[in-house]
Amino acid sequence: ATPTFPAPAAALDDRRAADVADYHRAIRQSVDDFFRDLWPRLTDDTAVVYTSDHGQSLYEGGYDLSHCSLTPTAHRGELRVPLLVLTKNAALRDALREPVARLRDAADHYALYSTLLQLMGYAGDWAEHQYGASLFTARPKARGFLLGTYNEPGAYWVTY
C-alpha cells in the first residue's frame, strides 16, 4: 500500500502548541544536552550510532495521534527517524563522508547490523555477506514502514 500523507495542519491551538513546546524542551534536554556532555568524553576509538524506532508527528495533518498510526494516513514525521554516526576518528569520518552524502534521507535500519559489526572489527565482506549491506555500501532504495504490529490482523507494510 502507498501511504497518503495529509496536508500540513493550520495553526495549532493552545493545548497542541504547549505539547509541541514541551516536546522541543524534552528533545533539548534528552538529546542536545546528552550529546553536549558525551562529545568531550569520546576517544578516537569510539563511534556512537544514534537512532530511534520510529519518528514523531506533532499534529501534522491535523490529527492528534503523535506516533504509531494504524492507518495509511500516517504523517511523514512518523516514518522518518534520526540516524547519526558520531566519531572523533578521522579515518572513520573520512570513510563515512561519501556514504552520508549518498544516503542522505535514504538510509534505513537494515544497514545497521553489518555496520556495527564492521565498527567492532569484523571483516566488511563477511558482515555484508551474512547480514546485508552496511551504511558504507548501501544504496538508496524505496523504504518501508510497518503500520500496526506484526501479530495484528490489520497491520500492513507501506513503502515510501
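Here, every reference points to the structure presented above.
Residues numbered from 1 in each chain as written. Predicted model: local features only at pLDDT ≥ 70, side-chain atom pairs only at ≥ 80, totals over all residues. Heavy atoms only, no water.

A. Structural context of the pattern of salt bridges. On inspection of all chains with the given rule, the structure shows eight salt bridges. A salt bridge links R16 to D13; its shortest N-O distance comes to 2.7 Å. One salt bridge in this structure joins D94 and R97, with 2.4 Å as the shortest N-O distance. With D94 and R97 both in helix 3 (residues 90-103) and three residues apart, this pair spans about one turn of that helix. Several salt bridges share partner residues, and in doing so they unite D33, R36 and D37 into one network. (Salt bridge = Lys/Arg side-chain N within 4 Å of Asp/Glu carboxyl O. Helix = DSSP H or I, 4+ residues; strand = E, 2+ residues; numbered from the N terminus.)

B. How the structure looks around the packing of aromatic side chains. All told, the structure shown has five aromatic pairs when counted by the stated rule. Ring geometry for F35 against Y50: centres 5.0 Å apart, planes inclined by 80 degrees, an arrangement best described as edge-to-face. Residue F35 is found in helix 1 (residues 14-38), and its partner Y50 is found in strand 1 (residues 47-51); the two are separated by 15 residues along the sequence. The exposure class of F35 is buried, given its relative accessible area of 15%. The class for Y50 is partly exposed, based on a relative accessible area of 25%. Geometrically, the ring pair formed by W126 and Y131 is edge-to-face, given 6.1 Å between the ring centres and 75 degrees between the ring planes. (Phe/Tyr/Trp six-rings, centres within 6.5 Å; stacked < 30°, edge-to-face > 60°. Buried < 20%, exposed > 50% of the residue type's maximum accessible area, 1.4 Å probe, protein only.)

C. Here's a closer look at helix 4 (residues 112-119). All of the buried residues along helix 4 are L112, S114, T115, L117 and Q118. In the core, the buried residues of helix 4 are packed alongside strand 1, strand 2 (83-87) and helix 5 (124-131). In the stretch just after helix 4, G121 is the one whose phi turns positive, near 110 degrees. (Contact = heavy atoms within 4.5 Å.)

As far as function goes, none of this settles anything; it's purely spatial.
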